[in-house]
Amino acid sequence: MLAVIGGSGIYDIDGLEEAQWQSVDTPWGAPSDQILTGRLHGVAMAFLPRHGRGHVHSPTDVPYRANIDALKRLGATHVLSISACGSFRDEMAPGHFVMVDQYIDRTVSRESSFFGTGCVAHVSMAHPICMGLSRAAGDAARQAGVTVHEGGTYLVMEGPQFSTLAESRMYREVWGCDVIGMTNMPEAKLAREAELHYATIAMVTDYDSWHPDHGDVDVASIVAVLQGNAAHARDTVANLARIFGGAGCPTGCETALDFAIMTAPGKRDPVLLGKLDAVAGRVLG
Ligand SMILES: CSC[C@H]1O[C@H](OP(=O)(O)O)[C@H](O)[C@@H]1O
Ligand SMILES: Nc1ncnc2[nH]cnc12
């Protein structure tokens, strides 16, 4: 099953057959909203609006663990995130899509793992994106007529305030980041722990605050770009469903937990193990 997590400005996808909004309970609480399931070009799909319909959850308060658990519980194997982002590069202009392949995580106030005391696990995040899914999503976007940039480092800030000018310059000039947003971490870490194939389309909405020829970022201009992009996002998802069967995985996402769990079997906490049923059932039995 192919799941899509829609970011700011994307609260629905259309064209699904047998469409149905479903409530899903998880051991990590309620997801951001009900999840829309159905079929698109014969592919089983799930859609979750990251901030909830009506944009209820702030980036800090998105229930990231419940969202990833709920998608896996429903049968998702692949998760495509569609996110608004600011750009640190002249050539990555508003309206363009960036196929992110790296992150720098500056979040400080979020639950970022399913594991913990009683079942400790360390998965690799060296290559956080499923390159099979990312390439397929990039192809789908190009087929929709979008300018696509392959590869880019996404700085994940805590927010909800936008960056200061000094931060914006540091992320761009010193840290070499390409785009900035507030939501892809811990989402990508949790997807990796849940052995899901995860990729992001970062839809450029602004130049943050560093660009001498553009004003400081504000929500009104972001929303205007997002509205202009809505058809591109919709067509990209439809194209991806059409070509989805071809997405192989050179990244090893589905075996991420093979050697990750450190806690001895006799020392594992049964309560935590119970909560890990969907996420880690493959290795915990
Ligand atoms: C409305 S601008 C700031 C907001 O938009 C992005 O969210 P998402 O990644 O869910 O599209 C950004 O990360 C901020 O949360
Ligand atoms: N400039 C920016 N900073 C953080 N998140 C964003 N989302 C869209 N534009 C952004």
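Rules used throughout
- Residues numbered from 1 in each chain as written.
- Chains lettered and ligands numbered in written order.
- Predicted model: local features only at pLDDT ≥ 70, side-chain atom pairs only at ≥ 80, totals over all residues.
- Heavy atoms only, no water.
- pLDDT = per-residue confidence, 0-100.
- Helix = DSSP H or I, 4+ residues; strand = E, 2+ residues; numbered from the N terminus.
- Buried < 20%, exposed > 50% of the residue type's maximum accessible area, 1.4 Å probe, protein only.
- Near = heavy atom within 4 Å.
- Polar contact = N/O pair within 3.5 Å; in protein donor to acceptor, adjacent residues only side chain to side chain.
- Areas by Shrake-Rupley, 256 points an atom, 1.4 Å probe, with all protein chains shown as cover.
- 1 Å grid on protein atoms, 1.4 Å probe; cavity = no way out; pocket = protein on both sides within 12 Å on 5 of 7 lines; lining within 4 Å.
- Sits in = over half its atoms within 2 Å of the grid points.
- Nonpolar A, V, L, I, M, F, W, Y, C, P; charged D, E, K, R; others polar.

Of all residues in the chain, 99% have pLDDT values of 70 or greater, and the mean over the chain is 96. Across the assembled chains, the prediction reports ipTM 0.99 with pTM 0.97.

The next point concerns unusual backbone geometry. With an omega dihedral of 0 degrees, the bond running from Gly159 to Pro160 counts as a cis peptide bond. A cis amide bond, omega 10 degrees, links Met185 with the succeeding residue Pro186. Its location among the elements puts Pro186 in helix α4 (residues 184-193). Even without glycine at this site, Glu18 takes up a positive phi of about 55 degrees. By relative accessible area, which is 62% here, Glu18 ends up exposed. With a phi close to 60 degrees, Glu195 is a non-glycine residue in the positive phi region. Within the fold, Glu195 resides in the loop between α4 and β11 (197-206). Assessed through its relative accessible area of 7%, Glu195 is described here as buried.

Inspection of the region around ligand 2 gives 13 residues, with Cys85, Gly86, Thr205, Asp206 and Asp208 positioned closest. One nitrogen or oxygen atom from the main chain of Gly86 is found 3.2 Å from a nitrogen atom belonging to ligand 2. Here a nitrogen atom of ligand 2 sits 2.6 Å away from a polar atom, N or O, in the side chain of Asp206. Relative to its unbound accessible surface of 260 Å², ligand 2 loses 94% to contact with the protein. Spatially, ligand 2 is embedded in the largest pocket. For the shell around ligand 2, the secondary structure elements donating two or more residues are β5 (78-87), β10 (179-181) and β11. Here the shell around ligand 2 takes three residues from β5, the largest share from any one element. For the shell around ligand 2, the class distribution of residues is eight nonpolar, three polar and two charged.

For ligand 1, the full set of nearby residues is Gly7, Ser8, Arg50, His51, Pro59, Ser83, Ala84, Gly181, Met182, Thr183 and Ile222. A distance of 2.6 Å separates an oxygen atom of ligand 1 from a polar atom in the side chain of His51. Contact between ligand 1 and Ala84: an oxygen atom at 2.9 Å from a main-chain N or O atom of the residue. Contact with the protein chains removes 90% of the 390 Å² of surface that ligand 1 exposes when unbound. Structurally, ligand 1 is housed in the largest pocket.

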